[in-house]
Amino acid sequence: MHVSCEELDAQAKGLLKEFENVTLTPKLRSQIPMQEMPTQDPHVRVTNMQEVALGYSDSQVRLEALRCLQCKNQPCIAGCPVAIDIPGFIAAAAEGDYAKSVEIIKESSLLPSICGRVCPQESQCQKFCTVGKMHKDVDKSVSIGRIERFVADYAREHHCETVPSVAPDSGKKVAVVGSGPASISAAADLRREGHTVVMFEALHKAGGVLVYGIPEFRLPKKIVEHELDNLRAMGVEIRRNYLVGKTRKISDLMEKDGFDAVFVGSGAGLPKFLGIDGENYVGVFSANEYLTRSNLMKAYAVGESLTPLFDSRKVAVFGGGNVAMDAARTAKRLGADEVTIVYRRTEDEMPARKEEVGHAKEEGVQFLYLHAPLKITANEQGRVNGVELIRCELGESDASGRRSPVEIPGSEKLFDFDTVIVAIGNDSNPLIKATTDGIEVNRRGNFIVNEETCETTLAGVYAGGDIVLGAATVILAMGQGRKAAKAMNEYLLTK
Amino acid sequence: MNTILSKQRLSQEVFRMVIQAPEIAEARKPGQFIILQLGGDFNERIPLTIADADPVAGTITLIFQAVGETTHHLALLEEGDSIENLLGPLGKPTDIEKFGKVVCVGGGIGVAPLFPIVQGMKQMGNEVKVIMGARNESLLIMEEEMRATADEVIVVTDDGSYGRKALVTEPLKELCETWKPDCVVIIGPPIMMKFAALTTKPYGIHTIVSLNTIMIDGTGMCGGCRVSIGGKTKFVCVDGPEFDGHQVDWDNMLLRLGTYKPKEQEAHHRCHIGLDIKEGEA
């Protein structure tokens, strides 16, 4: 049952009165009910592109913050890839000092309004939360991400953020390749030290995967634009329509254009396909293409956008990660009658954020677990008309610790679909490697870097984010961008 | 940035624009292309081959046919206007080397991107013959430039309104038999490239085609442009645009090009307004 935001707020208001003026023992705190995230009604939201999660009300965030036990050993911090002072920012939020709360977060993370929305909290900070452990249910942990989102949104909307101060001109010049989360955080930290920072983006809009990949209904583009505006306000120059490796090579930037160092955060932009028969039929898309059409090119605005949409009735999405959820939920919004996630393992092994899986289910996306695609079939016009799937069972655990799917011979069956979206991940884009001598990559094409400094095998060239990690998360990319910037700032001192 | 320095109408629906784009001009080699987007949230990204470039003046030349909504809007821009988003040079350059005898085949607007390849092949010391074709005389472009560069130029039209009444495959077959070229380069509409490549196949002549598939980012990120080359999936934007014409799965490529056909026809009808092009001629 969908509960409206008004009702959630009213409930929270009532409870807040109860708990506000009593001395809260840990036991009492743990009895405060976990605050649900208010959302658009599923029936309404499948007809629009607006954000699904609406954010806590003031009473909800206060109440949720009161659930935090302020543990001495702070297990949540150990679960955060950038070690945010989580109890600290939650304590400030509980007192209603949201500006202070966001300042505490910003000591470690530059993009709280984005990370609050897209981080997989249940497998990071919230996984280790003592409250969750008391309830023996990670879903009952303190909703750290939702509190983070609230205070970050509050600071943005009430203009109480401070633009980081910039040191006097250092005389040094740095190129940042790409404009996604790794590059945004590297650019900010480099600019703070007074270096001239130029960010190069290949597409006509900056923001990287935050703009072309993650849909509006999960991450409103105005939030990304706001973060880029903050960079511009600090004096970072953002050059769009510039493909490093093609428009100019890294060696040209360093030898001819006077850049003293380069950070490469060009991402994992090379879609993987399964290599099965029929993958090039009309109606088979990489998730990158499907999402880029909708998000970057605004194809969902039918009649306004010149980028066309493929008319779909029955859509199969291969994969179980966040990108698969994004693609499936986008397909629903673009008018498909039926959308099915086809996943080789079970729900427990799916890497997607729990909240996204829940939202997808509410929106009517179907899940076909323990099935693997064997081939795609098409009609005489080469347009997809079906997918042959084989049933699987879970076998031994693989290197990732997940049980691997084992196909059951003889269980092949043809299913009726007219569109297939392949969302099984990305490899590293080979363009920079191919056009830069001296950069070494591993077997998967990821840049090899010094773990402490993020420096590549080419002096003065650093890298972070998916180009190093393979397809990972926004927070990890951001963490690497900051780590690289720190090392680059030290390196530039010696130049 | 990206200011249009000159604009010329080469035929009823073909335009030539010289654009200020110093970095692209400096990096560009024959065979490479750009992607442009005319600004705002709703314009599409389209790939166009770079017909020529002057690294000293910092300009590139685009020659395009006003066939879709974006190329129509582009054709309505004037000297002094600028193209908001211009990315390039993209793709791999043409493999220009000393082959000996080379035939360059251009169909329709494909003659434009063929021209720098003809120039390059000549500079490398090849003997170059050009076959250029169009549906009718009014759609023929760059004949003079070709005649000034190539050793021989054969012009054909579908309706015989100019030159020889034939498809490009006829003189191509004759040259394969009598002149025995070492390399054939073909650029034009997909269906023409398919049959021209089939023409050279029995003779085992090295045949290069330049593909122009549906594309969004042009950096290898979306995979929309993928084609099957010798049974392997390749991306036109980063692995191409040029491939061995005998290895291309033409039928699959033609099907994929038709992915959005019903919608494009609708848009095509709307977008002729303002350019004085008669319906049915474009």
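Residues numbered from 1 in each chain as written. Chains lettered and ligands numbered in written order. Predicted model: local features only at pLDDT ≥ 70, side-chain atom pairs only at ≥ 80, totals over all residues. Heavy atoms only, no water.

Asker: Whenever I open this one, the pairing of strand 1 (residues 4-11) of chain B confuses me. Can you help?
Answerer: Where a strand is regular, its side chains alternate between the two sheet faces. Residues and elements named next belong to chain B. As defined by bridge partners, strand 1 adjoins strand 2 (residues 14-20) across six bridges and the pair is classed as antiparallel. When the sheet's bridge partners are listed, Arg9 is paired in strand 2 with Phe15. Hairpin remark: strand 1 followed by strand 2, antiparallel, with two residues in the connecting loop. (Pairing = 2+ DSSP bridges. Helix = DSSP H or I, 4+ residues; strand = E, 2+ residues; numbered from the N terminus.)

Asker: What is the right way to look at helix 5 (residues 169-178) of chain B in this model?
Answerer: Side chains that are three or four residues apart share a direction in an α-helix, a result of its 3.6 residues per turn. Residues and elements named next belong to chain B. All of the buried residues along helix 5 are Pro171, Leu172, Leu175 and Cys176. Taken down its axis, helix 5 places every buried residue within 145° of arc, on the same side. At the C-terminal side of helix 5, Lys180 shows a positive phi close to 50°. (Buried < 20%, exposed > 50% of the residue type's maximum accessible area, 1.4 Å probe, protein only. Arc of directions from axis to C-beta.)

Asker: Please explain the environment of Asn252(B) as it appears in this structure.
Answerer: Turning to its location among the elements, Asn252(B) is positioned in helix 8 (residues 250-257). For Asn252(B), a relative accessible area of 10% gives the class buried. Once residues lying within four places of it in the same chain are set aside, the contact partners of Asn252(B) are Asn280(A) and Tyr281(A). (Contact = heavy atoms within 4.5 Å.)

Asker: Please explain the domain arrangement of chain B as it appears in this structure.
Answerer: When the parts of a complex come together, some accessible area is lost, and that lost area is often taken as the interface size. All names here are of chain B. Partitioning chain B into structural domains gives domain 1 (2-90) and domain 2 (101-257). Between domain 1 and domain 2, the C-alpha centre-to-centre distance is 21 Å. In this complex, domain 1 contributes 21 residues to the contact, which on the side of domain 2 involves 19 residues. Across the domain 1/domain 2 interface, buried area totals approximately 1,600 Å², and carbon plus sulfur atoms make up 63% of it. At the surface where domain 1 touches domain 2, the tally comes to one salt bridge. The tally of links from domain 1 across to domain 2 stands at four residue pairs in polar contact (both at pLDDT 80 or more). (Domains from an automatic or database assignment. Buried area = accessible area lost by both parts, 1.4 Å probe. Salt bridge = Lys/Arg side-chain N within 4 Å of Asp/Glu carboxyl O. Polar contact = N/O pair within 3.5 Å; in protein donor to acceptor, adjacent residues only side chain to side chain.)

Asker: Explain the sheet that holds strand 7 (residues 314-318) of chain A here, please?
Answerer: Hydrogen bonds along the backbone pair up the strands of a sheet, which may run parallel or antiparallel. Residue and element names in this part refer to chain A. Pairing in this open sheet of five strands is parallel, and the strands run 6-14-7-8-9 from one edge to the other. Lying at the two open borders of the sheet, with one neighbouring strand each, are strand 6 (284-286) and strand 9 (366-368). Ignoring strand direction, the axes of neighbouring strands in this sheet form an average angle of 25°. (Axes fitted to C-alpha atoms, helices over the stretch in contact; angles between N-to-C directions.)

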